[in-house]
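# Report on the structure
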Amino acid sequence: MAHLAKYTLNSAQMLFHHNLRHQDRTGEYVSYHGSKIDITKTHLNYRLDPNADPNDFITQRLSEIKVQKRADVKVYCSWVLTVPQNLPTKKHREFFESAYRFFCADYGEKNIVMASVHLDETTPHMHLGFVPVVRETKNKKRLGQEKCSAKELLTRTYMKNLHKRLKNALERDLNCKVEITIDLDEDAPKREYVPLATLKKQTEAEAKKLESLKKQSEELQGDIDSLKELQKSQDQQCRELTDRECRIRDQNAKLESRRAELLQEINQLAPKTVSYWKSFHDYTKHWFEKIQRPKVFEKIFNDFHLSYFKSITESKDDMKQRSGGPER
């Protein structure tokens, strides 16, 4: 991966602290964008550029060219070239040296601020920084003069052709296939150097925020547990009510079945009851007539039993006819 980033002078000077492995007041190495430095391997780092102090070099070079007097002018550009995973370790230095020569030819060796190779981080990589210098072509009074312009140097056409040109140069020098990708500047994330003290404060603030979120999470979990217990209790009550309803339904079904059986028995006994009553009536009437006391018979059967017997023995038509007449 080859990633390009552009910096103002202040940001570039802060980045130099990381690239040259300066230490802060606490003795810790200044890191860049959350990078992790293995101090046991820092001694393996090396530089390919001849400049002793990049701060002095860039200050001197900027004094020699035309630079717009604005604080946001990008006066420093930096490529971060990471070694391809499939490249043998023995060819790593050749890879960096070949890339260094390529960019020296593109930007001019006198504009290369530093080429620092880091072997003490996760993946071997090189920070190649340069001042974006071009020749004036628009202002006739300054025609041909050097000026600082990342926009005019790193054009879309240049970036589009860079991948193929760099790949060919590396494969020619290393005599093997080299897989690289170019991270275009407009697509790259805007990274700025963040001092260690600021990172610590941000980390502490995030830690407090995380602790607060943990407490809220525990409280919510407590509420969730309470709701689960309540739901469990309600489910138990619902099951009990359902069981009770089922038992009542079973009892009702049994009672309904018994009722049907009793009605069937009543229907079966009704004809016999009517026959018995009729036989009893006829026999009693005949007996009273035999003893010549028919009036006593009428008096006896004129009460509720006789009425009940008549209501049973009467036909439906007679009952309908009777119900339509006047009450006694």
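Residues numbered from 1 in each chain as written. Predicted model: local features only at pLDDT ≥ 70, side-chain atom pairs only at ≥ 80, totals over all residues. Heavy atoms only, no water.

### Let's talk about the overall build of the protein
When you go through the protein residue by residue, the secondary structure sums to 9 helices and 8 strands. When burial is assessed residue by residue, the protein has 31% of its 328 residues classed as buried. A sequence separation of at least 24 residues applies to 67% of the contacts in the protein between residues at least 6 apart. (Helix = DSSP H or I, 4+ residues; strand = E, 2+ residues; numbered from the N terminus. Buried < 20%, exposed > 50% of the residue type's maximum accessible area, 1.4 Å probe, protein only. Contact = heavy atoms within 4.5 Å.)

### Quick notes on a nonpolar patch on the surface
On the surface, Y283, W287 and I291 cluster together to form a nonpolar patch covering roughly 340 Å² of accessible area. By the secondary structure assignment, Y283 is in helix α6 (residues 196-290). (Patch = residues over 30% accessible without salt bridge, like charges linked within 9 Å, V, L, I, M, F, W, Y side chains within 5 Å. Areas by Shrake-Rupley, 256 points an atom, 1.4 Å probe, with all protein chains shown as cover. Salt bridge = Lys/Arg side-chain N within 4 Å of Asp/Glu carboxyl O.)

### Quick word on the pattern of salt bridges
For the structure on display, the rule yields 20 salt bridges. In this structure, R172 and D173 form a salt bridge, with 3.4 Å as the shortest nitrogen-oxygen distance. In this structure R172 comes out as exposed when scored by relative accessible area, which is 59%. Linked through salt bridges whose partners overlap, the residues forming this network are R61, E64, K110, R135 and E146.

### What to know about a positive patch on the surface
Positive charge collects at one region of the surface, where K66, K69, K141 and R142 lie side by side. Locating K66 in the fold gives a position in the loop between α2 (54-64) and β3 (76-82). A relative accessible area of 39% means that K66 is categorised as partly exposed. (Lys, Arg positive; Asp, Glu negative; His and termini not counted. Charge placed at Lys NZ, Arg CZ, Asp CG, Glu CD.)

### Digging into the pairing of β3
The side chains of a regular strand alternate, first on one face of the sheet and then on the other. Along β3, 6 of the 7 residues are buried, which leaves the element largely enclosed by surrounding structure. Two elements, strand β1 (residues 2-7) and β3, share 6 bridges in a ladder whose sense is antiparallel. Paired with A2 across the strands is L81, a residue of β3. Two strands pair when backbone bridges link them, and β3 and strand β5 (residues 125-130) are joined in this way by 6 bridges, in the antiparallel orientation. Within β5, the residue paired with W79 across the bridge is L128. (Pairing = 2+ DSSP bridges.)

### What about the nonpolar core?
Counting residues in each nonpolar core, the largest one holds 37 residues, and the members touching the most others are W79, L81, F95, L128 and F130. For this core, the secondary structure elements donating two or more residues are β1, β3, α3 (92-107), β4 (112-118), β5, α4 (150-153) and α5 (156-174). The biggest single contributor to this core is α3, with 8 residues. Residues in contact with F95, not counting those within four places in the same chain, are L81, T82, V83, P84, L87, L170, L174, V178 and I180. (Core = buried A, V, L, I, M, F, W, Y, C linked by side-chain atoms within 4.5 Å.)

### As for the packing of helix α1 (residues 9-19) against α2
Each pair of packed helices can be described by the angle between their axes along with the distance between the axes. The N-to-C vectors of α1 and α2 enclose an angle of 155°; their axes lie 10 Å apart at closest approach. It follows from the interaxial angle that α1 and α2 lie roughly antiparallel. Judged by the twist between their axes, the crossing of α1 over α2 is right-handed. Where α1 approaches α2, its residues L9, Q13 and F16 are matched on the opposing element by P54, N55, I58 and L62. For the contact of α1 with α2, the per-class residue count stands at 5 nonpolar, 2 polar and no charged. (Axes fitted to C-alpha atoms, helices over the stretch in contact; angles between N-to-C directions. Parallel < 35°, antiparallel > 145°, perpendicular 65-115°, else oblique. Left-handed = near helix turned anticlockwise from the far one by under 90°. Nonpolar A, V, L, I, M, F, W, Y, C, P; charged D, E, K, R; others polar.)

### Comments concerning the confidence of the model for the protein
Of all residues in the protein, 85% attain a pLDDT of 70 or more, and the chain-wide mean is 84. Low pLDDT, under 50, characterises residues 185-190; the stretch is placed with 10 contacts to residues that sit more than four places away or in other chains. (pLDDT = per-residue confidence, 0-100.)

### Overview of α3
Between its terminal C-alpha atoms α3 stretches 23 Å, which fits the 22 Å expected from 16 residues at 1.5 Å a residue. Looking only at α3, the buried set comprises H92, F95, F96, S98, A99, Y100, F102, F103, C104 and Y107. The inward-facing, buried residues of α3 abut β2 (46-47), β3, β4, β5, α4 and α5. (Expected span 1.5 Å × (residues − 1).)

### Comments concerning the side chain of R61
As for its position among the elements, R61 is in helix α2. Within polar-contact distance, the side chain of R61 engages the side chain of N111 at 2.7 Å. Every residue in contact with R61, bar those within four places of it in the chain, is listed here: K110, N111, V131, V133 and E146. (Polar contact = N/O pair within 3.5 Å; in protein donor to acceptor, adjacent residues only side chain to side chain.)

### Examining the side chain of S98
For S98, the location among the structural elements is in helix α3. In contact with S98, other than residues within four places in its own chain, are A169, L170, D173 and L174.

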